[in-house]
Amino acid sequence: MPGMFIDVEVDAKVAADAELTKKLVEVCTVSIFAAKDDGTLDIVEDNLDECVLCDLCIQAAPKGTVRVKKLYE
Amino acid sequence: MRFYEYESKALFAKHGLPLGTRQVVNSAAEARAAAEAIGGPTVIKGQVLSGGRMKAGAVKFADTPDEAAAEFEAVLPVIVNGESARSILIEEKSPIAHEYFVSVTWDGRRKLPVVLFSDMGGIDIEEVAETHPEHLSRTHFSTILPLSERVAKEAIGAVGVTGSDLNKLVPIVYKLIQLFLEYDLTLAEINPLAKLDDGRFIVLDGHLDMEAEARGDHKALLAELGIGDDETRQARPPTEFEIAGARVNAVDHRGVAGNVVEFDGNLGLIIGAGGGSLTLFDAVRKQGGKPANYCEIGGNPSMSKVKNLTKLILSKPGVDKIAVMMNVVSNTRVDIVARGVIKGCIEAGKDPAEVIAIFRIPGAWEDEGFKILAKHGVEYCDRSVSMYEAAGRACAKMGSN
Amino acid sequence: MSILITAQTTFIVQGITGREAVNLTRENLDYGAKIIGGVTPGRAGRDVYGVPVYDCVRDIVKAHGQPEGAIVSVPPRFTKDAVFEAIENGIKTIVIVTENIPRGQVAQMVELANLRGARIIGPNCLGIISPDEAKMGGVGGPAANTRQAYTKGPIGVMSRSGGMTTEIASTLTAAGLGQSTCVSIGGDAIIGTSYAELMPFFEADDETKAIAIYSEPGGRMEAELAEWVKENNSRLPIVAFMAGRFMDEMKGMRFGHAGTIVEGKEDTTAEKIERMEAAGIAVAERIEEIPGLIRSALSSKGIEV
Ligand code: SF4
């Protein structure tokens, strides 16, 4: 199920980058990011609403490529 | 965590405390066979955790195996404080010359363990303390200095016991102290500790309580006694609703959303933290509210834990609305709890605006939380509304004050 | 002034690399605490928000001199050892945050502390805060939240519940009553320092004019406080809030903290309230009554706050 409160968007360029994917998986404490078998990014929809708005993912990727959206605003 | 008498006695036996011949039985035929093997008068005792079983009729005496079988049938259905017997213990009945009382417990004020000893056993010890204080001794002992038998000797001697009785009692009391410390017990009690006509001493009845926090350290013993992890051993066994609540809390390690206790009202409570829950439960009852449950959330639980707890409470028959309330939080996040309860309502097929009577959790991330609540039309308040007032608002919506 | 902790108090965090400990280190530093080192065995050489990590307390003492206090935030199985280590290395004020420690171990820690002249706060507590000076422990949470709830002033607070410490402080603050020091004393059956044992500190603190406490069913701590007040002719009016009144009807059931189980008559809230009132302690029905009760108790002594 997609998030009811939070959505995370990642630019295709970043999602295809195995290095950045690894970084995103590492920084997120609530497991919203996972790596697919080919090393590209998977967003775990079930975990989206666990997002603690820490911005660590935003800081981990090039500016503007990862966006955390509050769907209640 | 309380032990049944037969479990306590198994532990006593393991540590060499003197006991009568006894057997746990589960049918009248077994009772007859056990009485035959014992060969003489017997006591038939229902195994319950609560006190007062003698008065309730869960303890009977028999002279013959046939009588033992009949008394088994008489004791088995007896309910003591709402509790039915788990099994029946049948034990040899010996002629008693005198009864003593000994108990080891913690003194929270002195922060030390204490041995209570009395030569007026078999009766309510609080009564002895009030009417015959000189017959009850209190002997504290160190938890870091070496332990020796002199603690037992002083406890017994303090009520005037001397001679060979003193010397026979010392090893019994000392073993009880060792048992108390070894198994992290909060209470190790023998009452009565009987002196028989032939001069021997035996444990007639005993009561052991293990600290819940220490269960993990004594897994081998608990397995040996056949006590499962899901046996809470509170004053009453857990209900299915409570077991489901424990499962919700066990899903992940982030925070607490559990300690669910079932009540029979119509207002579901999602409350916290520890002290806050006690405060809020009182406030609801004081204002005429009828709680469907007690629970505690805190320590920054995950969204899904809160969500599942919400769903569980909403699934309880008779629950019309829920109230979500805590003291000012600094670790738990208001927005995460708000997300959890709203999502829980929706997944349970309910409208959050309708079913959440009030949301009163001020503190960390409250601005984000309040935005979420406003978006879903849920009534919420900040710290300017007291816990008591918030509870009152919820009660008013239930039409109960 | 304040009690137990001031802006100058130096302390360490044992178990500093744990999740909770990292948080509270950050929060305490932000609130102005002087944390001179942290301990996690095997992690020497790291740092947590600039606080150097060592393998043992002795190494901190060697490198930075004697710390006055320690926060212990290690798993229950290792807590006793950590506390013994703090005590044996000359630390005098120890806040134990960890919960679920069997009381036999707590008793051992307290006995050793008594032997060495150290003081334990907790376990299962959020620590100590002297508003606008420093805090030691998780009390109040992040610095910004802490500043919102806690303000400096004349009221001492003692609470068996960490969360309710903040609720009470927040209520006092809203009523214009700041706090001298607030102590979350812990929710277990055996704790390092009880209400009555803290009273002499507040009594000796000129800034403190009155006391608010949060109490619960279970234990004899309220009776001990009532006795202390009677015997010592305390200058400080005390207002108590008693939670968990419903538990009086539910003997043997455990709600809330490990220390809250009603076993005998003396553990009930009714009995505690009676004893406290007999000792002149005002008992509030609701948290929001506390400020009014404090003001009227003080004004009857000619003190306006
Ligand atoms: S903001 Fe934090 S919690 Fe949310 S997705 Fe990014 S890293 Fe994960």
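All of these numbers come straight from a predicted model, not from anything done at the bench.

Caption draft 1: Fine view of the site of the ligand. As a structural note, the neighbourhood of the ligand is formed by Cys28, Val30, Ile32, Phe33, Cys51, Val52, Leu53, Cys54, Asp55 and Cys57 of chain A. Among the residues making up the shell around the ligand, the classes are represented as nine nonpolar, no polar and one charged.

Caption draft 2: Spatial organisation of the side chain of aspartate 282 of chain B. Mapping aspartate 282 of chain B onto the fold places it in helix α10 (residues 274-286). Although aspartate 282 of chain B is buried, it forms no salt bridge, and the closest oppositely charged side chain is arginine 245 of chain C at an N-O distance of 4.8 Å. With residues near it in sequence (within four places) discarded, aspartate 282 of chain B still touches Met242, Ala243, Gly244, Arg245 and Phe246 of chain C.

Caption draft 3: Structural detail: the pairing of strand β11 (residues 179-184) of chain C. All names here are of chain C. β11 sits mainly inside the fold: six of its six residues count as buried. In this sheet, β11 lies alongside strand β8 (residues 127-130) in antiparallel orientation, the contact comprising three bridges. The residue bridging isoleucine 128 from the neighbouring strand is valine 183, located in β11. As paired strands, strand β10 (residues 152-159) and β11 are joined by five bridges and run parallel to one another. In the sheet register, serine 159 faces β11, and the bridge partner there is serine 184. Note that the unit made of β10, helix α6 (residues 162-174) and β11 has a crossover that is right-handed.

Caption draft 4: Spotlight on the pattern of salt bridges. Considering all chains together, one arrives at 46 salt bridges over all chains under this definition. Measuring nitrogen to oxygen at the nearest pair gives 3.1 Å for the salt bridge that ties aspartate 198 of chain B to arginine 200 of chain B. In this structure aspartate 198 of chain B comes out as exposed when scored by relative accessible area, which is 53%. Of the residues examined, arginine 200 of chain B reaches a relative accessible area of 44% and is grouped as partly exposed. Among the salt bridges present, the one from aspartate 30 of chain C reaches arginine 26 of chain C, with a minimum N-O distance of 3.0 Å. With a gap of four residues between them, aspartate 30 of chain C and arginine 26 of chain C both fall in helix α1 (residues 19-30), about one helical turn apart. Given the relative accessible area of 37%, aspartate 30 of chain C is considered partly exposed. Connected through shared salt-bridge partners, Glu5, Lys9, Lys45, Arg53, Glu91 and Asp205 of chain B make up one network.

Rules behind the numbers
Residues numbered from 1 in each chain as written. Chains lettered and ligands numbered in written order. Predicted model: local features only at pLDDT ≥ 70, side-chain atom pairs only at ≥ 80, totals over all residues. Heavy atoms only, no water. Near = heavy atom within 4 Å. Nonpolar A, V, L, I, M, F, W, Y, C, P; charged D, E, K, R; others polar. Helix = DSSP H or I, 4+ residues; strand = E, 2+ residues; numbered from the N terminus. Buried < 20%, exposed > 50% of the residue type's maximum accessible area, 1.4 Å probe, protein only. Lys, Arg positive; Asp, Glu negative; His and termini not counted. Salt bridge = Lys/Arg side-chain N within 4 Å of Asp/Glu carboxyl O. Contact = heavy atoms within 4.5 Å. Pairing = 2+ DSSP bridges. Right-handed = clockwise from strand over helix to strand, strands pointing away.

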